[in-house]
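# Structural characterization, general
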Amino acid sequence: MSPSKVYSNSNAALIQKLGLHDDVILRHNASVPTLYEDALLEKKTAISSAGSLMAFSGKKTGRSPKDKRIVDEETSTNNIWWGPVNKKVSEQTWKISKARAADYLKTREKVFVVDAYAGWDPRYRLKIRVICARAYHALFMRNMLIRPTEEELANFGEPDFTIWNAGQFPANIFTEGMTSPTSVEINFKEMEMVILGTEYAGEMKKGIFTVMFYLMPVKHNVLTLHSSANQGIEKEDVTVFFGLSGTGKTTLSADPNRLLIGDDEHCWSDQGVFNIEGGCYAKCLGLSAEKEPEIFNAIRFGSVLENVVYDEISRVVDYDDASITENTRCAYPIDYIPSAKIPCFANSHPKNIVLLTCDARGVLPPVSKLTNAQVMYHFISGYTSKMAGTEEGVTEPEATFSACFGQPFLALHPMKYAQMLSDKMTEHKANAWLLNTGWTGSSVSKGGKRCPLKYTRAILDAIHDGSLAKAEYETLPVFGLQIPKAINNVPSEILNPSKAWVDGSGKYDGEVRGLAALFAENFTKYSSEATDEVVAAGPAL
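Residues numbered from 1 in each chain as written. Predicted model: local features only at pLDDT ≥ 70, side-chain atom pairs only at ≥ 80, totals over all residues. Heavy atoms only, no water.

### What about the pairing of strand β12 (residues 238-242)?
Quick reminder of the rule: Type-normalised accessible area, obtained with a 1.4 Å probe on protein chains alone, sets the label of each residue: buried when under 20%, exposed when over 50%, and partly exposed for intermediate values. In this text, helices come from DSSP runs of H or I with a minimum length of four residues, and strands from runs of E with a minimum of two, each type numbered from the N-terminal end. For two strands to count as paired, DSSP must find a minimum of two bridges between them.
In terms of burial, β12 is largely enclosed, as five of its five residues are buried. With burial as the criterion, each face of β12 is covered, one bearing Val238, Val240 and Phe242 and the other bearing Thr239 and Phe241. Inspection of the sheet shows strand β11 (residues 223-232) paired to β12 by five bridges, in the antiparallel sense. The residue bridging Ala229 from the neighbouring strand is Val240, located in β12. Here β11 folds back onto β12, and the loop between the two strands holds five residues, one of which, Glu236, carries a positive phi near 60 degrees.

This is the structure:
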């Protein structure tokens, strides 16, 4: 019996429960072909030559972090990290936004409802319900969340958390606390989220991430991670990759020689690491079968391509065309990756922690071995060069610091997550590495070259086979990072950036001190709550 048949007799009750009009066509847990058929009725939606659904997210082609808000209510207010990341919104404003979303959905001829899970560990998983007016959004979340079995759907019951996505309809800018027609509001007392004024599907995915960043540490003492993770096939060793969008979390974790646990969002519990999601959300700019075959081949029937340019006749996608956005994406079920570990749960603790950065200045080495204190410093700093397209208004790479490599999604103060990570690394004796997937030889603006993916993969191979931990090291001045002198299949001349610099050592010294000063300035926000050892692990000017 299909999920649609399971729910065919309960639609009337659900329609009434959701407050929709009686004549609405309710697609409750619709099949992929049905969602394709409905999506093709939407503007600028087509099927690619590979069979994926191609959709356009409208004006917003990236997240809108300045419009993220959390309801200020008594059950969570003392825990939330209030400030520029989590802006307060009153319960009264929430009621207005919720009513606005509900009223909009009442006007729709079709409404889509998706029931699924967040979190592969049954002890901690959340039942999520998504209510939306676009078939593309329903298919996106069907891919990104964990799809229940038919038996689980039949016994799903009431959700733990609900998303009301009325993104085609704007927020009321005259409501208290509103600064634009876009608003993404999370209410931990009601366990609901409302989306207005943006059709970018990633807001739903990252909204659930923020929910997990709050609930897992507060309710269960489980650490939430903005990371990808994979596991060795024979040794069953787990590696966790921290990093912002564009640093390589998805690409590097999709290793055909290892099992993929997940590409973006995880939790580290007392038993091991589990994926939050049931799918992957890969950047597509520059994608090719040669460079990233597993991701390229996952783009087929059932997957969703966002904001890509394609040939109108052949429907072949041009992955090098960024005329709509740099942030072209594909959402696909994780089992589209042949090496995926299903269920996405490793019953063992990480042996290697990799902090990814994409340094457009060309200052940091391709890889360095970190002490525990350095891990804490660089985790709290979360440095990278923000790549074009991941957020509205970002068109060129720019230096940025994002606490815990996921600042826009944090619900608690960064030191809470940092301390939990430190405790777990110490307990389980994990090795730690800083991996720069950015530029070498010089900065991006002065002719530097991005570190080839094949060299980055060779570095990871050396991490996983244990040879890198036994290598001979030298110290990078100022940052105090330990740099290996040689790695198999990696040219030794690119390992030390001070020696690889093409403009002379004097100019490199200026660049490294300039970046070190930015690190020091950023860390002043956290130094009062960090230990002396962690503060001392930063660059020495």
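Having put the structure on the table, let's press on.
### A short note on unusual backbone geometry
Cis geometry marks the peptide bond from Ile342 to Pro343, where omega comes out at -5 degrees. The residue Pro343 is located in the loop between β20 (329-333) and β21 (345-346) in this model. Not every positive phi belongs to a glycine, and Asn221 is a case in point at roughly 55 degrees. One can find Asn221 in the loop between α7 (202-220) and β11. Within the chain, Arg315 stands out as a residue other than glycine whose phi angle is a positive 65 degrees. Turning to its location among the elements, Arg315 is positioned in the loop between β18 (309-310) and β19 (317-318).

### Here's the deal with the packing of helix α5 (residues 135-144) against α7
Selection rule: Angles shown run from 0 to 180 degrees and are taken between the N-to-C directions of axes, each axis being a line fitted to C-alpha atoms and, for helices, limited to the stretch in contact. Any angle that is under 35 degrees is reported as roughly parallel, and any over 145 degrees as roughly antiparallel; angles of 65 to 115 degrees are reported as roughly perpendicular and all others as oblique. When the near helix sits turned anticlockwise from the far one by under a right angle, the crossing is termed left-handed; a clockwise turn instead gives a right-handed crossing. We call two residues in contact when some of their heavy atoms are within 4.5 Å. Just so you know the grouping, Ala, Val, Leu, Ile, Met, Phe, Trp, Tyr, Cys and Pro go in nonpolar, Asp, Glu, Lys and Arg go in charged, and all remaining residues, Gly too, go in polar.
One way to put it is that α5 packs onto α7 with a least axis distance of 9 Å and a crossing angle of 40 degrees. In terms of orientation, α5 lies oblique with respect to α7. Between α5 and α7 the crossing geometry is right-handed. Here His137, Phe140, Met141 and Met144 of α5 lie close against α7, whose contacting residues are Gly202, Met204 and Lys205. Of the residues belonging to the contact of α5 with α7, the class tally is four nonpolar, two polar and one charged.

### Notes on the domain arrangement of the protein
Quick note on the threshold: An automatic or database domain assignment is the source of the domain bounds shown. Note on definitions: buried area is the accessible-area loss of two parts on being combined, 1.4 Å probe, summed for both. In what follows, salt bridge is the name for a side-chain nitrogen of Lys or Arg lying within 4 Å of a carboxyl oxygen of Asp or Glu. Distance and chemistry together define a polar contact, namely a pair of N or O atoms within 3.5 Å, with one atom able to donate a hydrogen and the other to accept it when in protein, and with adjacent residues in sequence counting only for side-chain atoms on both sides.
Per the domain assignment, the segments of the protein are domain 1 (7-43 + 64-220), domain 2 (223-269 + 349-537) and domain 3 (280-336). Here domain 1 and domain 2 have C-alpha centroids that lie 33 Å from each other. In terms of surface lost to domain 2, no three residues of domain 1 exceed Trp81, Phe209 and Phe213, which account for 40% of the buried area on that side. Where domain 1 meets domain 2, there are four salt bridges. The tally of links from domain 1 across to domain 2 stands at eleven residue pairs in polar contact (both at pLDDT 80 or more). Ranked by the residues each element gives to the side of domain 1 that touches domain 2, the list is headed by α7, at ten residues. When grouped by side-chain class, the residues that make up the side of domain 1 that touches domain 2 number twelve nonpolar, four polar and five charged.

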